[in-house]
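The chain contents come next:
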Amino acid sequence: TVTLKCSRSLRQVPVREIMYIEVAGRVSTVHTVNEVIPTSMTLSSLEELLPSEQFVKPIRYLLAALRYIQNVGDTQLTLTDGTALSFSRGERENLRQTLSAYRLRQLRRR
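Residues numbered from 1 in each chain as written. Predicted model: local features only at pLDDT ≥ 70, side-chain atom pairs only at ≥ 80, totals over all residues. Heavy atoms only, no water.

Colleague: Before we move on, can you summarise the pairing of strand β7 (residues 62–65) with the specific residues and values?
Modeller: Because side chains alternate across β7, one face comprises the buried residues Leu62 and Ala64, and the other comprises Leu63 and Ala65, equally buried. Relative to β7, strand β3 (residues 18–24) is paired through three bridges, and the arrangement is antiparallel. Within β7, the position partnered with Tyr20 by the bridge is Ala64. The pairing of strand β6 (residues 55–59) with β7 spans three bridges and is antiparallel. Pairing of Phe55 across the sheet is with Ala65, part of β7. Between β6 and the antiparallel strand that follows it, β7, lie two residues. (Buried < 20%, exposed > 50% of the residue type's maximum accessible area, 1.4 Å probe, protein only. Helix = DSSP H or I, 4+ residues; strand = E, 2+ residues; numbered from the N terminus. Pairing = 2+ DSSP bridges.)

Written out as structure tokens, the structure is:
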């Protein structure tokens, strides 16, 4: 789990449930399988808390969980729930390689 600072309280969120995190202004929004959680934490501080081998940063204001990425297109990646997230064109090949390596690690664990 990770501890998120939400308003004036702390929340424990299982890492496994985090689909992606996006930043707009000074608010980071954590999108989980079940809910959307706004937090005042910066993306870089959230990135430090999360396991780097399970998340990818396709664009400077977004972190996505590799387990929920279904497809990497030309300019968007699609999550298992159908959410489309934009990324930098220069990141396309890196995203595909990172996703392939992640899936291979998951297959080897079985």
